[in-house]
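# Structural description and commentary
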Amino acid sequence: MNQPRYQKLFEPVRIGPVTAPNRFYQTPHATGMGWRMPKASAALRGIKAEGGWGVVSTEYCSIHPSSDDFPFAYLSLWDEDDVRALAVTADAVHEHGSLLAVELWHGGFHCNNRLSRDAAVSPSGQGLHLLGPGSARAMDKADIRALLGWQAEAATRARRAGADIVYVYAGHDYLPLQFLSPRTNRRSDAYGGSLANRTRLVREMIEVTREAVQGTCAVALRMSVDELHGPAGITHDGEAREIVELLAELPDLWDVNVSGALGNDSKSARFSPEAFQESYVRFVKGLTSKPVVGVGRFTSPETMLAQIRNGTLDLIGAARPSIADPFLPAKIRDGREDEIRECIGCNICRSANNEAVPLRCTQNPTIGEEWRRGWHPLRIPARASDKRILIVGAGPAGLEAALALGQRGYEVALAERGRELGGRLLHDSALPGLSTWIRVRDHRQHLLEKLSNVSIYRESALAAPDIRDFGADQVVIATGSRWRRDGIGTAREQPALIDADAVTRTPDDLDNLQGPVLIYDDENYYMGGALAEQLRREGHDVTYVTSQPAVSAWTQMTDEQGFVQQRLLDLGIRLFVSHILQAVAKGRATFGYALSASPVTMTFGSIVLVTGRLPVDDLYRELAQNEAAPAVARIGDCFSPGPVADAVYAGHRFAREFDSSAAVVLRRERPDP
Ligand code: ADP
Ligand code: SF4
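Description of the structure in this document. Keep in mind that this is a model prediction, so the values were computed, not measured. (Residues numbered from 1 in each chain as written. Chains lettered and ligands numbered in written order. Predicted model: local features only at pLDDT ≥ 70, side-chain atom pairs only at ≥ 80, totals over all residues. Heavy atoms only, no water.)

### Overview of the site of ligand 2
Neighbouring ligand 2 are 13 residues, the closest being C343, C346, N347, C349 and C361. Comparing atom positions with the cavity grids shows ligand 2 to sit within the largest cavity. The biggest single contributor to the shell around ligand 2 is helix α10 (residues 320–324), with 3 residues. Classifying every residue of the shell around ligand 2 by side-chain character gives 8 nonpolar, 4 polar and 1 charged. (Near = heavy atom within 4 Å. 1 Å grid on protein atoms, 1.4 Å probe; cavity = no way out; pocket = protein on both sides within 12 Å on 5 of 7 lines; lining within 4 Å. Sits in = over half its atoms within 2 Å of the grid points. Helix = DSSP H or I, 4+ residues; strand = E, 2+ residues; numbered from the N terminus. Nonpolar A, V, L, I, M, F, W, Y, C, P; charged D, E, K, R; others polar.)

Spelled out as structure tokens, the structure:
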């Protein structure tokens, strides 16, 4: 322990019959891997334990086929094959002295059961969460007895697989919370009506779980203390207090959060600061003697310490910060907290779950790649030659490539046209709510400054002859992208009809906007909505038009779409959905509207097209066509424009694979032959 100031974070914590070696608790989070990728899951969780998380939790783990989220990736403990698969994760976690927590899960009306084809269940009968078609039938007494049996059997299996902590999961709109909440429980029997009755199922689930684990595992209760549905649901200053009082000493651990929808709990940085759940969960510790864990995108050791000292939490829960930096606890322990790769709260990791694909992260290019590519977040193979490398462009791709190549021991020169490093991050982090995004630059810049084998040249706009004269063995072009002006985007495959005297703007070109501003969004991620917010806050009259049926439609994947739409409405921005740009004339644009046979015309002072981006690859092309030039590669947006996460990944992958003669293999898990 090099950092006595943070000693408190490294105290062991007793949780029922087990002891967490420190206060760092990786709360359950989805990996997009689930039961189909047990080796990849085990490697990912093992790395978390290696990085110092005293408790490492699984993702949601189904107790029975009537809780089936297919094609989304969930774990399961339905049979002995599942036990064997989970045991691999338990071994990987135990190898580093950490505890494994298994989040047993029944989703109730949140599951379509498309794989199992079991009928979905709910407390009182209602529509399926994912629009059905179909409904989740109301559970009778026999169903409740069966559910308790499934929970007990799954808890037994979890124990046999090697779990140290087993969950009862009454959060995130899943079945036990559906029973707790007056919003979804309309029963009139012993499991509905009064709060004591609505709490009965959770109480019984804790009891059967405790019996099943026979004193060898702790029993955790994960509960939403506020559904953010106002008085219609559970609130932290209303029924949640009474529920905690009723169950206070029953679980060995309280894992508390703000949910209902998952997006409330894992709110992006655009809509919540660090420790944003504190005021909601603070009361719990006052009502129980059992340890309490909670989350809040904690990345600062000072904030973590404050959570313990001010009596809010006993254990520092983290999902996203542990994804962005699996070695966060180890870095604090070793006095290297300046090297923490802080989560930026962009929720690209959430999109992995929502798209049913393996986990990825903007800050951490190695997450999800531990098994399939053999990447470790701290270790990288040493250089294989004395080649000197010149990287042109210090955006996310160039910075990450320079850092990873530098860490391999290569001599690297990084040339950047601007005075400041960061590329597109300089613009994007100035948008409302996105200031944390500059951490992608800051982390890399800080580590680069420690590397004596990397030289950074600012205000160095290089042309092809400069590059040839420089004499590097390998040139990497990372010169980024620019926004399109022709209207081609997601919905338009051909250029829009744009009159010669019509002035169109893009996010690259926003100076001196005149009159009412019309933003046309056919990219559908954050830029269109964030720009609308920024311009409105600057005092412009703003109209936002999108080709899609929802504002900033892809932000559904980052659990932000509802928040974005609400914010734009609150700001008085006029919103039009399902309009596809056809033509732009001076001060006038024409759209095809999905719900009308006639085109729609709108007037504007300035129009900003947020449609698609084109690679800035002139330099690459010029160098690549000249055989006398050094070897040249292109990475990031300069090769294929995409989210920042993809640019970071591209920079890292280039560095890993550079000079490597080994065939690049993407390992995949396959069913038994
Ligand atoms: P990516 O996301 O792929 O990293 P960015 O657009 O964020 O791409 O960053 C590209 C960077 O490259 C910008 O900082 C830009 O100033 C820089 N750049 C572009 N052309 C040159 C050049 N000819 N010489 C040096 N730097 C350049
Ligand atoms: Fe944090 Fe974004 Fe990484 Fe998720 S993807 S862990 S929000 S940096």
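Next, the rest of the story.
### Describing the sheet that holds strand β21 (residues 504–505)
Strand order in this open sheet of 5 strands is β21-β28-β22-β23-β24, and the pairing throughout is parallel. Single-partner strands in this sheet number two, and they are β21 and β24 (574–576). Pairing of strand β22 (residues 517–521) with strand β23 (residues 542–546) involves 5 bridges; the strand directions are parallel. The residue bridging Y520 from the neighbouring strand is V545, located in β23. This element, helix α17 (residues 526–537), spans β22, β23 and β28 (606–610) of the sheet and lies at about 165° to β22. (Pairing = 2+ DSSP bridges. Contact = heavy atoms within 4.5 Å. Axes fitted to C-alpha atoms, helices over the stretch in contact; angles between N-to-C directions.)

### Overview of helix α18 (residues 561–570)
Restricting attention to buried positions, one finds in α18 the residues Q561, V564 and L568. For α18, the buried positions fall inside an angular range of 65° around the axis, keeping them on one side. Contacts from the buried residues of α18 go to α17, β23 and β24. Trailing α18 by a residue or two, G572 shows a phi angle of about 80°, which is positive. (Buried < 20%, exposed > 50% of the residue type's maximum accessible area, 1.4 Å probe, protein only. Arc of directions from axis to C-beta.)

### Notes on the site of ligand 1
Ligand 1 sits among 22 residues. The nearest are A397, E416, R424, L462 and D637. Backbone polar atom of A397 to an oxygen atom of ligand 1: 2.8 Å apart, as the coordinates give it. Contact distances for ligand 1 include 3.0 Å between a nitrogen atom and a backbone N or O atom of L462. Expressed as a share of its isolated accessible area of 590 Å², the protein-covered part of ligand 1 is 91%. According to the grid-proximity analysis, the pocket containing ligand 1 is the second largest pocket. Looking at the shell around ligand 1 residue by residue, the classes come out as 10 nonpolar, 8 polar and 4 charged. (Polar contact = N/O pair within 3.5 Å; in protein donor to acceptor, adjacent residues only side chain to side chain. Areas by Shrake-Rupley, 256 points an atom, 1.4 Å probe, with all protein chains shown as cover.)

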